[in-house]
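# Observations on the model geometry
Here is what each chain is made of, one letter per residue.
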Amino acid sequence: MENFRNESDLLGTLQVPKNAYYGVQTQRAIENFKISGQYLSSYPHFIKALAMVKKAAAKTNYELGLLEENLYKKIAETCDEIMEGQLHDQFPIDMIQGGAGTSVNMNANEVIANRVLEKLGKEKGDYQFCSPNDHVNLSQSTNDAYPTAIKMALIQMNDELVEKLKKTIAAFRAKGQEFSKVIKMGRTQLQDAVPMTLGQEFEAFAATLEEDISKLNSNANLFVEINMGATAIGTGINAPVGYANLCAKNLSQITGYPIISAPNLVEATPDTGSYVIYSSAMKRLAVKLSKICNDLRLLSSGPRAGFFEINLPPMQPGSSIMPGKVNPVIPEVVNQVCFKVIGNDLTVTFAAEAGQLQLNVMEPVLSHSIMESINFLGNAMDTLREKCITGITANKEVCLNMVKHSIGIVTALNPYIGYKNSTEIAKEALETGKSVYNLVLEKGILSQEKLDEILDPENMLKPHQF
C-alpha cells in the first residue's frame, strides 16, 4: 500500500506508516504493548535524555575512529533537534513493556536513523546508509543506553521537582509570617494541648518540607554514575577500549552534569539501587505533604460544626444535594496524588527486587513509576500552592475564643500550682463548664494579676525561667 513502507527484522516483514520516522521494531512495540495509555511521548525529558545519550555515543564512536565524520555530524544534528523538542510525536510506544527497554532504545535508534537518512536525501528505511543498529546503536546495547537515558531524565526531572517544592515552601512560609500574631490552640491526639500561633503551624509546614530538598538532591546525585560501554552485561563486549570513560566525559559535556563511569560495570548493569533510594525520598515527601493536607482539611472543617480556624479558597460547589456546601477539594486531590506516589514506591521496590543475574528486565515499570511520581508530585504542589495555600485566610476570633475557653491552658499553671492542683481544676472545669481562669480565682490559688500574666497567650508561646 502506498501509505506504508515495508521493513523487516528477525521475525519477518512488517508494514510501517510511510511518513513515520520510527521503524519496524517500534511498530511491533505499538502492536504488542497496549498497556498503560501513557506513551514515551508523554515524557519529553526521557526523549531528550535518549537523544543526549545517542549524541554522546556517536561523538565517542567518531573520536575512536568507528564512525565517519559526516554521519556523526548528521546523527549529532538530529539528536540536537530531538533535544530541542522536535520529533517527539515519533515516540508512540507504551511506557510499560516487556523486553527490558529494547523497544525504547530501538524507537530512538530508528527515529534518529530515518531523520539522518532524510538529511542525506535517502528514503526512510534505506538503512544501508544509516542503520539504527550498526550506526546509531554502535558500541551500545539497550542494557547500557536505556538505563543511562533514564538516569539523565530523572536528574533533569528532579531539578524541576525541587523548584516546585521550593515554591511550595515559600508559600507556606509567607502564610507563617502573615499569621504570626494569630493565637490558637495547639492539639495533640486531636485534644486541646497548649496555645501556639497559626503562624508557627504554617512555618512548621514549610520547615518539614524544606528538609526534603537535600534528600531529593542527594539521592538524585546517585544517577550521575552510568554504565555506558558495558555493554550487554557489563563486560564491555562490542565496545572499544576506552569507550566507557570517554562516553561518560562526552555525556557530561552534553548534559552539564558530572557524569562518571561506574567503577564496576558488571555490578552497575543490573543495579537499580539508585532508583529505590530516590523513590523513597519522593515517598517521604508524599507522606509529609499528605499529612499537611490532612491538617488543612481539619483546620478548615465546619463552618459551624468543625474547627473553622482557617478558610480555604472555595473552588467548586461541594454537593449535588446539600446547598451551600463547599469542600476542601484541593487538599483532597493532593492527598490522592500522595497515595499514588506511595503506591508507586512499592512498585519500584518490587521491580528492583525482581532483577535476576546480570540484568533487571523490570526497568520499564520502574522508570515509569518514578517519572509518573515526579510529574504527579510537581503538578500537585503547583495546584496546592496556586489554588489553596496563597488564598488561605485565618478566622482570628474563632482561634482566640478556643484558647480562652480551652481546658488545655491549665498546662501553663503546672510550674506554679503543681500537677495535682492543675488536674483537679481541669477536671472541675470539664464537669461544670466553668473556665480554668475563674476556678483558679475562686479557689484563691493565685492572684488575678499573677494569673493574667501566666495565662497571657503571648507568654505561653515560648520557654520561661521559673
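Quantities reported herein were computed from a predicted structural model and do not represent experimental measurements.

### Side note on the environment of Gly343
Along the chain, Gly343 falls in helix H11 (residues 329–353). Exposure remark for Gly343: the relative accessible area of 33% places this residue in the partly exposed category. Distance in space between the C-alpha atoms of Gly343 and Met106 is 30 Å, their sequence separation being 237 residues.

### Examining the domain arrangement of the chain
Under the domain assignment used here, the chain contains domain 1 (4–138), domain 2 (150–226 + 267–396) and domain 3 (407–459). When each unit is reduced to the centre of its C-alpha atoms, the spacing between domain 1 and domain 3 is 76 Å.

### What to know about a nonpolar patch on the surface
A surface patch of nonpolar side chains, about 260 Å² in accessible area, is lined by Val287, Phe339 and Ile342. Looking at the element boundaries, Val287 is found in helix H10 (residues 273–299). A relative accessible area of 45% means that Val287 is categorised as partly exposed.

### Considering the nonpolar core
If you look at the biggest cluster of nonpolar residues, it comprises 110 residues, and the most contacted ones within it are Phe46 and Leu384. Here this core takes 15 residues from helix H6 (residues 142–178), the largest share from any one element. Here this core spans two domains, and each of domain 1 (4–138) and domain 2 (150–226 + 267–396) adds at least three residues to it. Excluding residues that lie within four positions of it along the chain, Leu384 makes contacts with Phe172, Leu289, Cys293, Leu296, Ile330, Val334 and Ile389.

### Structural notes on helix H2 (residues 44–63)
Taking 1.5 Å as the rise per residue, H2 with 20 residues should run 28 Å; its terminal C-alpha atoms sit 29 Å apart, in good agreement. With 16 of its 20 residues buried, H2 lies for the most part within the structure. Where H2 terminates, the next one or two residues include Gly65, which has phi positive at roughly 80°.

### Quick look at the environment of Leu446
With respect to the element layout, Leu446 can be found in the loop between helix H15 (436–442) and helix H16 (448–455). Here Leu446 falls in the buried class, since its relative accessible area comes to 17%. Once the C-alpha coordinates of Leu446 and Thr102 are considered, the two residues, 344 residues apart in sequence, prove to be 79 Å apart. Every residue in contact with Leu446, bar those within four places of it in the chain, is listed here: Leu413, Ile417, Val440, Leu441, Leu451 and Ile454.

### Quick word on the packing of aromatic side chains
Under the defined criterion, the tally for this structure stands at 8 aromatic pairs. An angle of 75° between the planes, with centres 5.4 Å apart, marks the rings of Phe179 and Phe202 as edge-to-face. In this pair, Phe179 sits in the loop between H6 and strand S3 (183–188) while Phe202 sits in helix H7 (residues 198–220), placing the two residues 23 residues apart along the sequence. Phe202 matches Phe179 in its accessibility class, with the two residues each being buried. The residue whose ring lies beneath Lys122 is Phe129, and the NZ or CZ to ring-centre distance is 4.2 Å.

### Details of the side chain of Asn360
You can see Asn360 is positioned in the loop between H11 and helix H12 (363–387). Of the polar contacts made by the side chain of Asn360, one reaches the backbone oxygen of Ala352; its length is 3.2 Å. A distance of 2.8 Å separates a polar atom in the side chain of Asn360 from the backbone nitrogen of Met362. Discounting residues that sit within four places of it in the chain, Asn360 has contacts with Pro270, Thr272, Ala351, Ala352, Ala354 and Gly355.

### A short note on unusual backbone geometry
Thr231 follows Ala230 through a cis peptide bond whose omega is -25°. Along the polypeptide, Thr231 turns up in the loop between strand S5 (225–226) and helix H8 (243–255). Phi at Asn238 is positive, roughly 75°, even though this residue is not glycine. Positionally, Asn238 belongs in the loop between S5 and H8.

### Describing the pattern of salt bridges
Across all of its chains, the model carries 29 salt bridges by this definition. Lys184 is the salt-bridge partner of Glu309, the closest N and O atoms lying 2.7 Å from each other. With a gap of 125 residues between them, Glu309 in the loop between H10 and strand S7 (310–311) and Lys184 in strand S3 connect regions that are remote in the sequence. For Glu309, a relative accessible area of 0% gives the class buried. On the basis of relative accessibility, which here comes to 1%, the residue Lys184 falls in the buried class. For the salt bridge of Arg187 with Glu309, the shortest nitrogen-to-oxygen distance reads 2.7 Å. With a gap of 122 residues between them, Arg187 in strand S3 and Glu309 in the loop between H10 and S7 connect regions that are remote in the sequence. Assessed through its relative accessible area of 24%, Arg187 is described here as partly exposed.

Thresholds, definitions, all that
Residues numbered from 1 in each chain as written. Predicted model: local features only at pLDDT ≥ 70, side-chain atom pairs only at ≥ 80, totals over all residues. Heavy atoms only, no water. Helix = DSSP H or I, 4+ residues; strand = E, 2+ residues; numbered from the N terminus. Buried < 20%, exposed > 50% of the residue type's maximum accessible area, 1.4 Å probe, protein only. Domains from an automatic or database assignment. Patch = residues over 30% accessible without salt bridge, like charges linked within 9 Å, V, L, I, M, F, W, Y side chains within 5 Å. Areas by Shrake-Rupley, 256 points an atom, 1.4 Å probe, with all protein chains shown as cover. Salt bridge = Lys/Arg side-chain N within 4 Å of Asp/Glu carboxyl O. Core = buried A, V, L, I, M, F, W, Y, C linked by side-chain atoms within 4.5 Å. Contact = heavy atoms within 4.5 Å. Expected span 1.5 Å × (residues − 1). Phe/Tyr/Trp six-rings, centres within 6.5 Å; stacked < 30°, edge-to-face > 60°. Lys NZ or Arg CZ within 6 Å of the ring centre and 35° of its normal. Polar contact = N/O pair within 3.5 Å; in protein donor to acceptor, adjacent residues only side chain to side chain.

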